[in-house]
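So you can see what is in the structure, the chains are spelled out below.
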Amino acid sequence: MNPQILIVGAGPTGLVMAYNLARHNIPFRIIDKSDGPGQASRAMAILPRTLEFYQQFGFADEVIDRGIKMEDVYVRVKNKIKAKVHLGSLGEGLSPFPFVLTFPQDDHERFLLEKLKNLGIEVEWKTELLSLAEHGEGVKTLLKAQQEETAYFFKYICGCDGAHSTVRKQMNIEFKGEKYKQHFYVMDVYGSGEVMKDQKISISFSNEEFLICMPVRSKGTYRMIGIIPSAFGGQNDVKAENIHAFIHRTFGTQVEGINWFSTYHIHHRVASRFRQGRIFLSGDAAHIHSPAGGQGMNTGIGDAINLSWKLGAVLQRKAALSILDTYEEERLPFAELLVNTTDRAFKRMVARDKTSQFFRKHIFPPVLSFLFRFPYPRHKAFTILSQIRIKYRNSDLSSGQGTNVQSGDRLPYVAGNFESLQSLNWQIHVYGTAAEKLKKSMQEKDFSLHEFSWNPYLKKAGLQKDALYVIRPDGYIGFISSEQRIDLLHQYLNTHKILPFTNEY
């Protein structure tokens, strides 16, 4: 089949985009100018919302088996534990995955490449996008591979090519933001010490310094992140041995070996738009963040899920062309919100003034311990960290009025209701009793309808008895009718020309 989409970039965002398109049987090509997948651990955290997407793909359990569950966070001040947070209790009942998983990016990419290969898809490595321009009903591109330049036409381009995105630069899209003044280090080590113990996340403060430590691949191997100490006076060639000696003195760690070491500056930026005609931006090409909360890579994967099913629906003529407008409408506001919130939190954590030091040592730990005794702040923290808080209530695809849960919200997780989402297709949910007229109507339209027995817990989750919920392929609610109004349901489907996906392109 003639490829309809070009994915530029084979990091996690591009690979997830490719997998979802392949599952919907959409022909595409995926290229990357590198000679293969990454060789360093880089992004580590896989958040619960990403695991929910992977559950839709049918491989969440495999990812969990290859990673390490992070169920506890310790906050230390001068090597003494001042606060403990059990992540599992934060998300209890809110997600099938009430924890954060660490899974190094190089292993993550190889896993996704393996899944694509099982579907007959290969990344075209050492292939570079030189230029692109919209031309009629497609995009004309110039690609370079094996020293040869060749022109190709595609209907759509997905720029998943990172912070220095060629796609974004070709589109002349502004990348607003700034660089943090601090110079950071990151290293993967094995050794011993209190912060490298019991496979837990450790956040340590000592005067103006901080250290984040988390397990990487196996017991005894840890990722460490911190700021280049002021004692090094802004040196650009700080060596791993210098940092090793410093953290040994400051945090009591005994590093026995270093697998990877790098220094870097952090930016926070958001593209002024995520779409220009037939060309889209996703992942780091569209937004980059501070590492606070491990949100960056997971947000890129969320972009990929959102855009890929919409492109698939349009190319299969299963939805109106206008649904592509909702990609930027839904994802750009969240990226801006995320940059602003992580920016504030990160600046507070890394600031070296006396007030910030006092806050980190004397205010933050006891307040954290006190608040997390209560269900509401625990659940609130989990919804923010896990990305299950993402809502699209202002989207053109969100319609109908609910009581608590609204259209545009992620479908609340209750026992048994996420299994049907593995179809990656539109579906109807009724929590209670579905009217016979509704059942017949959906059968005629070849829509899957799922009926769940009502119980009091469903009300607690925000669902309404006997209401009709239209669930999008990405697990978000598109339409709600409290009274099972079939006429309004048909109006919604007809407005967006929505039909269920088929297995044929």
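Thresholds applied
Residues numbered from 1 in each chain as written. Predicted model: local features only at pLDDT ≥ 70, side-chain atom pairs only at ≥ 80, totals over all residues. Heavy atoms only, no water. Helix = DSSP H or I, 4+ residues; strand = E, 2+ residues; numbered from the N terminus. Contact = heavy atoms within 4.5 Å. Core = buried A, V, L, I, M, F, W, Y, C linked by side-chain atoms within 4.5 Å. Buried < 20%, exposed > 50% of the residue type's maximum accessible area, 1.4 Å probe, protein only. Salt bridge = Lys/Arg side-chain N within 4 Å of Asp/Glu carboxyl O. Phe/Tyr/Trp six-rings, centres within 6.5 Å; stacked < 30°, edge-to-face > 60°. Pairing = 2+ DSSP bridges. Axes fitted to C-alpha atoms, helices over the stretch in contact; angles between N-to-C directions. Expected span 1.5 Å × (residues − 1). Patch = residues over 30% accessible without salt bridge, like charges linked within 9 Å, V, L, I, M, F, W, Y side chains within 5 Å. Areas by Shrake-Rupley, 256 points an atom, 1.4 Å probe, with all protein chains shown as cover.

A. The arrangement of the environment of Lys126 in detail. Within the fold, Lys126 resides in the loop between strand 8 (124-125) and strand 9 (127-135). C-alpha separation for the pair Lys126 and Tyr492, spaced 366 residues apart in sequence, amounts to 45 Å. With residues up to four places along the chain from it excluded, the contact list for Lys126 reads Asp32, Lys33, Ser34, Asp35, Lys144, Ala145 and Gln146.

B. Here's a closer look at the nonpolar core. Among the nonpolar cores identified, the biggest contains 96 residues, and Ile5 and Ile7 are the most heavily contacted of them. With 10 residues, helix 8 (residues 296-315) is the single largest residue contributor to this core. Non-local contacts of Ile7, meaning those with residues more than four positions away in its chain, are made with Gly14, Met17, Ala18, Leu21, Phe28, Arg29, Ile30, Ile31, Cys158 and Cys160. Core analysis: the next-biggest nonpolar cluster, separate from the first, contains 32 residues, Ala45, Ile68, Leu87 and Tyr180 among them.

C. Focus on the pattern of salt bridges. By the definition in use, this model includes 16 salt bridges. Note that Glu124 is salt-bridged to Arg29, the shortest N-O span being 2.7 Å. With Glu124 in strand 8 and Arg29 in strand 2 (residues 28-32), this residue pair connects regions lying 95 residues apart in the sequence. The class for Glu124 is partly exposed, based on a relative accessible area of 26%. The partner of Lys115 in a salt bridge is Glu62, and the shortest N-O contact between them spans 2.8 Å. Separated by 53 residues along the polypeptide, Lys115 in helix 5 (residues 105-118) and Glu62 in helix 3 (residues 60-66) bring together distant segments of the chain.

D. Summary view of the packing of aromatic side chains. Under the counting rule described, the total for this entry stands at 22 aromatic pairs. Aromatic side chains Phe370 and Phe374 sit 5.3 Å apart centroid to centroid with 75° between the ring planes, which places their arrangement in the edge-to-face category. Judged by relative accessible area, Phe370 falls into the partly exposed class, the value being 43%. Judged by relative accessible area, which is 38%, Phe374 ranks as partly exposed.

E. Looking closely at the sheet that holds strand 2. Strand order across the open sheet formed by 6 strands is 8-2-1-12-21-20, with mixed pairing between neighbours. In this open sheet, the two edge strands, each paired with only one partner strand, are strand 8 and strand 20 (275-276). Here strand 2 runs beside strand 8; their pairing, made up of 2 bridges, is parallel. Each residue of the ladder has a partner; that of Ile31, found in strand 8, is Glu124. Along the sheet, helix 8 contacts strand 1 (5-8), strand 12 (156-159) and strand 21 (279-281); its crossing angle with strand 12, the most-contacted strand, is approximately 175°.

F. Quick peek at helix 8. Across its 20 residues, helix 8 extends 29 Å between first and last C-alpha, which sits within 8% of the 28 Å expected from 1.5 Å per residue. Burial of helix 8 is extensive: 20 of the 20 residues sit out of reach of the surface. Taken from the residues just after helix 8, Arg317 is the one with a positive phi, measuring 55°.

G. Summary view of a nonpolar patch on the surface. A cluster of nonpolar side chains, contributed by Phe358, Ile363, Val367, Phe370, Leu371 and Phe374, occupies part of the molecular surface with about 520 Å² of accessible area. Looking at the secondary structure, you find Phe374 in the loop between helix 10 (354-371) and helix 11 (375-386).

H. Structural context of unusual backbone geometry. With phi around 70°, Asn79 is a residue other than glycine that occupies positive phi space. Locating Asn79 in the fold gives a position in the loop between strand 5 (72-77) and strand 6 (80-86). Here the phi dihedral of Arg317 falls at roughly 55°; this positive angle occurs in a residue that is not glycine. Looking at the secondary structure, you find Arg317 in the loop between helix 8 and helix 9 (325-350). You can call Arg317 exposed: its relative accessible area is 69%.

I. Highlighting the sheet that holds strand 4 (residues 68-70). With respect to topology, 3 strands assemble into an open sheet ordered 3-7-4, the strand pairing being antiparallel. A strand with exactly one partner marks an edge of an open sheet, and here the two such strands are strand 3 (45-46) and strand 4. Both strand 3 and strand 7 (residues 100-102) contribute to a ladder of 2 bridges, which runs antiparallel. Each bridged residue has a counterpart across the sheet, and for Ile46 the counterpart in strand 7 is Leu101.

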